[in-house]
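Okay, here's what each chain looks like letter by letter:
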Amino acid sequence: MSEQNPKISLRSRAWFDNPALPDMTALYLERYLNYGLSMEELQSDRPIIGIAQTGSDLSPCNRHHIVLAERVRDGIREAGGIPIEFPCHPIQETGKRPTAGLDRNLAYLSLVETLFGYPLDGVVLTIGCDKTTPACLMAAATVNIPAIALSVGPMLNGNFKGERTGSGTIVWKARQMLAAGEIDYKGFIKLVASSAPSTGFCNTMGTATTMNSLAEALGMSLPGNAAIPAPHRDRAESAYHTGRQIVEMVRADRKPSDILTRSAFLNAIRVNSAIGGSTNAPIHLNAIARHVGVELSLADWESHGADIPLLVNLQPAGEYLGEDYYRAGGVPAVMGELYRAGLLDGEALTVNGRTVAQNIAEAVIEDEDVIRPLSSPLRPAAGLTVLSGNLFDAAVMKKSVISDAFRARYLANPDDLEAFEGNVVVFDGPEDYHHRIDDPALGITDRSILVIRGAGPVGYPGGAEVVNMRPPAALIRAGIDALPCIGDGRQSGTSGSPSILNASPEAAAGGGLALLRTGDIVRIDLKTRSVNVLVSDEELDRRRAENAENPFSGPESQTPWHEIARRETGQFAGGAVIESAVKYQRIA
Ligand code: FES
Ligand code: MG
């Protein structure tokens, strides 16, 4: 146990041991004594450590944190701290309507208020399901008290008739099978449910595994923490060490701003490429960076991440799942491989006071089929491509999931990712898409490009996860399982669709997608990273004027937060943060 830095006075003392304000001190003390803490403990100069509990019956992905918190408490106590567990606003990715995307910023606000307003000297962030990780890290970045993330870990591997079924990813496959008449409704549900056999987050390389891996890559959790499956005994051990570590962090005054440097973010961008991370990662990482005051833009994702090859062979880009990822060495094995090739900044500091290089010194790949060495990657240059043109200023595409069949069908030179053109079919929001996708009158062919707009954070509260649109059932039956898609919404990180998404600005915020008409020809050029509608500027101006008379409004807001979020939230390219929150930095 390291000695308390004599210069550090615990912020909780302002509540519990403040001779200048005896009345307030008495009030604060008596109420916390109420649950069984003693005066001696609260005035003993021992760090008060919050456990930000994101698990609940409403949040099954993170629910195992309720169990793990016991081991976190043990670690905190043993290291000399006092644990205080409190609930966070629930975010359940698949259960929240209209979309869990809405709740990231709400949970962020709520956690900022809690960390700022209560007598906490440090906090354990219990991360897991997609948005819980960024919400927690964004709040820790804003408040800037010592903070450490504990992942809940992925579920065990799903299995159906001897084949791995990955959570989320299997849905895309199952709905194609249902549309093609290969399975019925009951078979569909059974197949999907097989992918989720235990407590924990999605076992695929979706947004959850991505963000937990990136929390570790950023240095915000203990090495090896992200990949341990939720039910595994190592997970409880990691919880215990996390509890011990946060007490040491308070004593050393090691804060998020010391760890979340630009170097740390660039490391995370590179790791994101190597793991085949979710297209939601830039939104969340850019948001964390903005709240901690680090310059980070989509251009950084292109310049630092695009050339990094795909090493992790997990669904949806590959074949394996979470248990395999852990056994193959998890994030330290990936980072070790990148670091030895000079692709990471080894000097970046992490929660345990050690550098990235120190943490991964011993890390090796244990299974080269699951985590490939750089010498035989799954795909070269697997990072996100950032595209722009006359339809938007920035949108991203995950090249690592472009299948060979898709390449062969659409790209003149599949290895070279050249350009293709197609007629667009435009949908205004998710409901319009769901109603009309199978309408033969749309005339969708294998040369069509599907476009969805009105799906960004302003057009659709929270931004809809819909850009990976399935082709009409008739096309699927003819063997076309994916069409090129473009949209101002997001797509699930578990989807293997090579969509162009997160277009900013979105149609509802004046973006060019609002000017598209069904039948227009759009040219997508992956070499020049451009997407343009082949329509004259004069015609686009004419349409702009026409739209101004009849502006797109999207669905009505249904709750107060829908309205507030649509008014206050910025675009995906800037992390879709609450813009007015960014100026509040290091407020502890
Ligand atoms: Fe919660 Fe995937 S739905 S982690
Ligand atoms: Mg999702």
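Residues numbered from 1 in each chain as written. Chains lettered and ligands numbered in written order. Predicted model: local features only at pLDDT ≥ 70, side-chain atom pairs only at ≥ 80, totals over all residues.

Things to note about the overall build of the chain
Across its full length, the chain holds 22 helices and 14 strands. Whereas a compact globule of 588 residues would reach a radius of gyration of roughly 25 Å, the chain reaches 24 Å, a difference of no more than 12%. The C-alpha extent of the chain, read off along each of the three principal axes, is 75 × 55 × 50 Å. Within the span of the chain, comprising 588 residues, buried residues form 56% of the whole. Looking at the chain alone, contacts between residues at least 24 apart form 78% of all its contacts between residues at least 6 apart. (Helix = DSSP H or I, 4+ residues; strand = E, 2+ residues; numbered from the N terminus. Rg over C-alpha atoms; globule rule 2.2 N^0.38 Å. Buried ≥ 20, exposed ≤ 12 C-beta atoms within 10 Å, placed from the backbone. Contact = placed C-beta atoms within 7 Å.)

Focus on the nonpolar core
Counting residues in hydrophobic clusters, the biggest one holds 164 residues, and the most contacted among them are Leu 125, Val 334, Met 335 and Val 451. Setting aside residues up to four positions removed in sequence, Leu 125 forms contacts with Ala 52, Cys 136, Leu 137, Ala 140, Ala 147, Ile 148, Ala 149 and Leu 150. Membership of the second largest hydrophobic core comes to 5 residues, among which are Trp 15, Phe 16, Tyr 28 and Leu 42. (Core = buried A, V, L, I, M, F, W, Y, C linked by C-beta atoms within 7 Å.)

Remarks on unusual backbone geometry
With omega at 10°, the peptide bond leading from Gln 315 into Pro 316 counts as cis. Along the chain, the position of Pro 316 falls in the loop between α14 (298-305) and α15 (322-327). Along the chain, Ser 504 connects to Pro 505 via a cis peptide bond; the corresponding omega equals -5°. For Pro 505, the location among the structural elements is in the loop between β12 (500-504) and β13 (521-525). Look at Asp 45: it is not a glycine, yet its phi comes out positive at around 65°. You can see Asp 45 is positioned in the loop between α3 (39-42) and β1 (48-53). One non-glycine residue with positive phi stands out, namely Arg 529, at about 55°.

Digging into the UniProt feature "domain: Dihydroxy-acid/6-phosphogluconate dehydratase N-terminal" (unreviewed entry) in the chain
Taking the numbering used here, the UniProt-annotated feature "domain: Dihydroxy-acid/6-phosphogluconate dehydratase N-terminal" (unreviewed entry) corresponds to residues 46-359. For residues 46-359, the helix share is 49%, the strand share is 9%, and the end-to-end C-alpha distance is 28 Å. (UniProt positions renumbered as here; feature names shortened; annotations may be inferred.)

Side note on the pairing of strand β3 (residues 122-127)
With respect to burial, β3 is a largely interior element, 6 of its 6 residues being buried. Side chains of β3 alternate between two faces, with Gly 122, Val 124 and Thr 126 and Val 123, Leu 125 and Ile 127 buried alike. Where β1 and β3 come together, 4 bridges link them in parallel fashion. Among the inter-strand pairings, Ala 52 is bridged to a residue of β3, identified as Leu 125. Here β3 runs beside strand β4 (residues 147-151); their pairing, made up of 5 bridges, is parallel. Residue Val 124 lies in a different strand from β4, and its bridge partner there is Ile 148. Where the polypeptide runs from β3 across helix α6 (residues 132-143) and back to β4, its parallel neighbour, the crossover connection is right-handed. (Pairing = 2+ DSSP bridges. Right-handed = clockwise from strand over helix to strand, strands pointing away.)

So, the domain arrangement of the chain
Taken domain by domain, the chain holds domain 1 (7-45) and domain 2 (386-549). Each of domain 1 and domain 2 was reduced to a C-alpha centroid, and the two centroids are 57 Å apart. (Domains from an automatic or database assignment.)

Remarks on helix α4 (residues 65-78)
Along its 14 residues, α4 runs 19 Å from first to last C-alpha, staying within 8% of the 20 Å computed at 1.5 Å per residue. Residues His 65, Leu 68, Ala 69, Val 72, Arg 73, Gly 75 and Ile 76 constitute the buried set of α4. Buried residues belonging to α4 abut β1, β2 (82-87), β3, β4 and α10 (233-252). At the C-terminal side of α4, Gly 80 shows a positive phi close to 100°. (Expected span 1.5 Å × (residues − 1).)

Some remarks on the environment of Gly 574
With respect to the secondary-structure elements, Gly 574 resides in the segment after α22 (560-568). For Gly 574, a count of 19 C-beta atoms within 10 Å translates into the label partly exposed. In this structure the C-alpha to C-alpha distance between Gly 574 and Ala 289, which are 285 residues apart in sequence, comes to 9.8 Å. Setting aside anything within four residues of it in sequence, one finds Gly 574 in contact with Asn 286 and Arg 290.

Digging into the sheet that holds β3
In spatial order, the strands read β2-β1-β3-β4; together these 4 strands make up an open sheet with parallel pairing. Both edges of this open sheet fall to β2 and β4, since each of them pairs with a single strand only. Averaged over all adjacent pairs, the angle separating strand axes in this sheet is 25°, with direction ignored. Docked against the sheet, α6 engages β1, β3 and β4, running at close to 165° with respect to β3. (Axes fitted to C-alpha atoms, helices over the stretch in contact; angles between N-to-C directions.)

Some points on the packing of α6 against helix α9 (residues 207-217)
The relative placement of two packed helices is expressed as an angle between their axes plus a distance between the axes. The contact between α6 and α9 brings their axes to 9 Å, and the two run at 30°. Residues Thr 133, Pro 134 and Leu 137 of α6 touch α9, and the partners they reach there are Met 211, Asn 212 and Ala 215. Split by residue class, the contact of α6 with α9 holds 4 nonpolar, 2 polar and no charged. (Nonpolar A, V, L, I, M, F, W, Y, C, P; charged D, E, K, R; others polar.)

A closer look at the confidence of the model for the chain
Averaged over every residue, the pLDDT of the chain is 94; residues scoring 70 or more account for 96%. For the chain, the element scoring lowest by mean pLDDT is helix α18 (residues 404-410), at 77; β4 scores highest, at 99. Scoring the predicted complex yields pTM 0.95 and, for the interface, ipTM 0.93. (pLDDT = per-residue confidence, 0-100.)

Regarding the environment of Ala 52
By the element assignment, Ala 52 lies in strand β1. Residue class for Ala 52 comes out buried when judged on the 28 C-beta atoms lying within 10 Å of it. Along the backbone, Ala 52 and Ile 127 are 75 residues apart, and their C-alpha atoms lie at a distance of 9.1 Å. Residues within four places of Ala 52 in sequence aside, it is in contact with Phe 86, Cys 88, Leu 111, Val 123, Val 124, Leu 125, Thr 126 and Cys 136.

Quick notes on the packing of helix α5 (residues 101-117) against α6
One can describe the packing of α5 onto α6 by two numbers: an axis separation of 8 Å at closest approach and a directional angle of 40°. Classified by the angle between their axes, α5 and α6 sit oblique to one another. Note on packing geometry: the crossing formed by α5 with α6 is right-handed. On the side of α5, the interface is formed by Arg 104, Ala 107, Tyr 108, Leu 111, Val 112, Leu 115 and Phe 116, while α6 contributes Pro 134, Ala 135, Cys 136, Met 138, Ala 139, Thr 142 and Val 143. The residue makeup of the contact of α5 with α6, split by class, is 12 nonpolar, 1 polar and 1 charged. (Parallel < 35°, antiparallel > 145°, perpendicular 65-115°, else oblique. Left-handed = near helix turned anticlockwise from the far one by under 90°.)

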